[in-house]
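# Coordinates in review
Each chain, letter by letter, is given below.
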Amino acid sequence: MVWGVLNVTPDSFSDGGRFHTVDRAVEQARLMRDSGADVIDVGGESTRPGAERIPLEQELTRVLPVIETLKAEGITVSIDTMRADVAAAAVEVGAMLVNDVSGGRSDPAMHATVAELGVPYVLMHWRGHSDRMNELAVYDDPVRQVCEEIEQQIEFAVQAGIDRERIIIDPGIGFAKEADHNWALLRAMDAVNGLKQPVLVGASRKRFIGALLADADGEARDSDGRDVATSALSGLLAGSVWGLRVHDVQATVDALKVARAMSGSGEHG
Ligand code: PMM
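Residues numbered from 1 in each chain as written. Predicted model: local features only at pLDDT ≥ 70, side-chain atom pairs only at ≥ 80, totals over all residues. Heavy atoms only, no water.

## Some points on the packing of helix α1 (residues 22-35) against helix α2 (residues 56-72)
Packing of α1 against α2 leaves a shortest axis separation of 10 Å and a crossing angle of 40 degrees. Relative to α2, α1 is oriented oblique. Judged by the twist between their axes, the crossing of α1 over α2 is right-handed. On α2, the residues touching V22, A25, V26 and A29 of α1 are P65, V66, T69 and L70. Across the contact of α1 with α2, the residue classes break down as 7 nonpolar, 1 polar and no charged. (Axes fitted to C-alpha atoms, helices over the stretch in contact; angles between N-to-C directions. Helix = DSSP H or I, 4+ residues; strand = E, 2+ residues; numbered from the N terminus. Parallel < 35°, antiparallel > 145°, perpendicular 65-115°, else oblique. Left-handed = near helix turned anticlockwise from the far one by under 90°. Contact = heavy atoms within 4.5 Å. Nonpolar A, V, L, I, M, F, W, Y, C, P; charged D, E, K, R; others polar.)

## Some details on the environment of G194
Examined against the element boundaries, G194 turns out to sit in the loop between α7 (189-193) and β7 (200-201). Once the C-alpha coordinates of G194 and T61 are considered, the two residues, 133 residues apart in sequence, prove to be 39 Å apart.

## Structural notes on the packing of aromatic side chains
A ring pair, where both rings are aromatic, is described by two values, the distance of the centres and the angle of the planes. According to the stated counting rule, one finds 2 aromatic pairs in the structure shown. Considering the side-chain rings of W3 and W242, the 6.2 Å spacing of their centres and the 70 degrees angle between planes classify their relative orientation as edge-to-face. You can see W3 sitting in strand β1 (residues 2-7) and its partner W242 sitting in the loop between α9 (227-237) and β8 (243-246), a full 239 residues away along the chain. Here W242 falls in the partly exposed class, since its relative accessible area comes to 29%. Ring geometry for W183 and F208: centres 5.0 Å apart, planes at 70 degrees, overall edge-to-face. With a gap of 25 residues between them, W183 in helix α6 (residues 179-186) and F208 in helix α8 (residues 207-212) connect regions that are remote in the sequence. (Phe/Tyr/Trp six-rings, centres within 6.5 Å; stacked < 30°, edge-to-face > 60°. Buried < 20%, exposed > 50% of the residue type's maximum accessible area, 1.4 Å probe, protein only.)

## Here's the deal with a negative patch on the surface
Taken together, the side chains of D215, D217, E219 and D222 make up a negatively charged region of the molecular surface. Here E219 is to be found in the loop between α8 and α9. (Patch = residues over 30% accessible without salt bridge, like charges linked within 9 Å, V, L, I, M, F, W, Y side chains within 5 Å. Areas by Shrake-Rupley, 256 points an atom, 1.4 Å probe, with all protein chains shown as cover. Salt bridge = Lys/Arg side-chain N within 4 Å of Asp/Glu carboxyl O. Lys, Arg positive; Asp, Glu negative; His and termini not counted. Charge placed at Lys NZ, Arg CZ, Asp CG, Glu CD.)

See below:
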């Protein structure tokens, strides 16, 4: 599954500011759909490191008109939110999935709300809000701890009534994680798959890729220049994840075609 990122925010680190009018957001969603995105992930609140929270009303105003329009065009939409009220309002106007980067840790009402809504739920590994996440990036064994923390949230979600079969997990690349934690997790998809839930990975354009591609002076590559590396990662992850959440959908769809052909499982195999 390829999830196309649609941040309807003025300040997201990579595409922020470009799609914060409804028309432009819808146009970008159509482009991603035409490039092969299975789901468009609509978010109204930036989660970039250091970002401050926005009021509920502002988040609703940003996402609901976009979701309504995409729904009318038959596009499958996920709502990227940490708020139960936004999840419920978004599903009411047509979102088919809830993507909660906090895995239910931000809003105590999220799990019960999603249980009631009866939609698939992306439960991401998360330790705290953006203003604190750098200081929370401390691990003895990142792979073991991230898996254990996800497992615990799955149990809370199931206790609140979410059907286990509707839970998609996500290791939360870049959330309370340093570059080496991200790479350790990306190399350890077997361990994450050991939790026996579909796995979604969102590494697209993130800071650790910018750091990997730093120039000779150690200056990180801008987010605009991270798509080729992102698609290389998509190709390498192809056989071991259920879904990839990316900005440049075309590049990842192409990488997946290459991966399939190379594994002999595609039509050119
Ligand atoms: N990353 C961001 C936002 N939402 N959702 C999931 N499930 N996984 C992620 O890794 C993730 C996310 C932050 O960055 P971006 O929206 O600018 O890509």
